[in-house]
Amino acid sequence: ADAAYYSLPARLWEFSLGGLVAALRLPERSFPRGVAVVGSWTGVLAALTCGLVLGQSGNFPGAAALWPAFAAVLVIVFARTSDRANAGWVLGSKIMCSLGRDSYGIYMWHWPLAVLAMNMIQWSSLSWTAGGLVILASWGMAVIVRTAATVLANRLPAAPARNLTLTSILLAIAAGTLALGA
């Protein structure tokens with residue numbers, strides 16, 4: 001499972017599935033309104049329940065990856081931002097777009113911060129409250145790094161120097177975080 005988690009050949013189908021659905025470019029009115037509403041909320045509910053349904057089983061990312069992948073497909077296919085009853089309307093809100101913009105940073109920060117928290121409190125896992133705080137702290141770190149990167153990118157002259165500087169700063173932050181967790 002560990003090797004498969006990082007293996008592009010083993011997980012290529014997940015990226016391909018999303019790309020295929022996006023490439024279909026289904027018109028917004030491809031499905032009746034009721035089907036789109038139910039489909040969009042089913043996708044959101046399925047995505048939100050992944051952790052509860054899948055738990056920490058060793059089946060991921062194998063067949064268990066079908067659950068989140070098809071949840072995402074449902075959202076992509078059925079979400080409509082023009083219909084207040086549709087999950088797409090909620091997902092298109094400013095707060096959700098902000099979360100989406102910072103999602104990769106949250107993803108990158110959550111694990112080092114979770115390990116740091118577990119080491120600090122000597123727990124083998126985090127409670128729901130502690131886990132929620134780690135996610136909020138991860139979002140905060142993502143915003144700080146994105147803001148710093150934007151400020152620096154606007155002040156640095158050429159693209160190669162800008163990329164090298166930003167990469168160096170992000171690596172230094174990551175190394176510092178890992179050192180704190182050790």
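As the structure is a computational prediction, the values presented were derived from the model and not from experiment.

## Re the overall build of the chain
Okay, step 1: A count of helices and strands for the chain gives nine helices and zero strands.
Okay, step 2: Listing every helix and strand of the chain by position from the N terminus yields α-α-α-α-α-α-α-α-α.
Okay, step 3: Every one of the 182 residues in the chain was classed for burial, and the buried ones make up 25%.
Okay, step 4: Within the chain, contacts between residues separated by at least 24 positions form 67% of all contacts whose residues are at least 6 apart in sequence.

## Details of a nonpolar patch on the surface
Okay, step 1: Nonpolar side chains collect at one region of the surface, where Leu 52, Val 53, Trp 67 and Trp 128 lie side by side and expose about 520 Å² of accessible area between them.
Okay, step 2: Looking at the secondary structure, you find Trp 67 in helix α5 (residues 66-78).
Okay, step 3: Look at Trp 67 and you get partly exposed, because its relative accessible area is 36%.

## Comments concerning the side chain of Asn 86
Okay, step 1: Mapped onto the elements, Asn 86 comes out in the loop between α5 and α6 (87-91).
Okay, step 2: Overall, the relative accessible area of 0% leaves Asn 86 in the buried class.
Okay, step 3: The residues contacting Asn 86, other than those within four sequence positions of it, are Ala 36, Val 37, Ser 40, Trp 41, Phe 78, Ala 79 and Arg 80.

## A word on the packing of aromatic side chains
Okay, step 1: Counted by the stated rule, this structure contains two aromatic pairs.
Okay, step 2: Taken together, a centroid distance of 5.9 Å and an interplanar angle of 35 degrees make the contact between Tyr 104 and Tyr 107 tilted. Here Tyr 107 and Tyr 104 lie together in helix α7 (residues 94-121), a separation of three residues that amounts to about one turn.
Okay, step 3: Owing to a relative accessible area of 44%, Tyr 107 belongs among the partly exposed residues under this scheme.

## Section: the pattern of salt bridges
Okay, step 1: One pass over the structure, following the stated rule, counts three salt bridges.
Okay, step 2: The shortest N-O distance in the salt bridge between Arg 101 and Asp 102 comes to 3.6 Å.
Okay, step 3: Between Arg 146 and Asp 102 there is a salt bridge, and its shortest N-O distance comes to 2.6 Å. Residue Arg 146 is found in helix α8 (residues 128-155), and its partner Asp 102 is found in helix α7; the two are separated by 44 residues along the sequence.
Okay, step 4: Through salt bridges with shared partners, a single network forms among Arg 101, Asp 102 and Arg 146.

## Observations concerning empty space enclosed by the protein
Okay, step 1: One pass over the full model with this rule turns up one cavity of 30 Å³ or more.
Okay, step 2: In this structure, the largest cavity occupies an estimated 40 Å³ of space.
Okay, step 3: In this structure, the largest cavity is lined by Val 145, Ala 148, Ala 149, Leu 152, Leu 166, Ile 169, Leu 170 and Ile 173.
Okay, step 4: For the lining of the largest cavity, the elements supplying multiple residues, two or more each, are α8 and α9 (159-181).
Okay, step 5: For the lining of the largest cavity, the class distribution of residues is eight nonpolar, no polar and no charged.

Calculation notes
- Residues numbered from 1 in each chain as written.
- Predicted model: local features only at pLDDT ≥ 70, side-chain atom pairs only at ≥ 80, totals over all residues.
- Heavy atoms only, no water.
- Helix = DSSP H or I, 4+ residues; strand = E, 2+ residues; numbered from the N terminus.
- Buried < 20%, exposed > 50% of the residue type's maximum accessible area, 1.4 Å probe, protein only.
- Contact = heavy atoms within 4.5 Å.
- Patch = residues over 30% accessible without salt bridge, like charges linked within 9 Å, V, L, I, M, F, W, Y side chains within 5 Å.
- Areas by Shrake-Rupley, 256 points an atom, 1.4 Å probe, with all protein chains shown as cover.
- Salt bridge = Lys/Arg side-chain N within 4 Å of Asp/Glu carboxyl O.
- Phe/Tyr/Trp six-rings, centres within 6.5 Å; stacked < 30°, edge-to-face > 60°.
- 1 Å grid on protein atoms, 1.4 Å probe; cavity = no way out; pocket = protein on both sides within 12 Å on 5 of 7 lines; lining within 4 Å.
- Points joined across faces, edges and corners; volume = space filled by probe spheres on them.
- Nonpolar A, V, L, I, M, F, W, Y, C, P; charged D, E, K, R; others polar.

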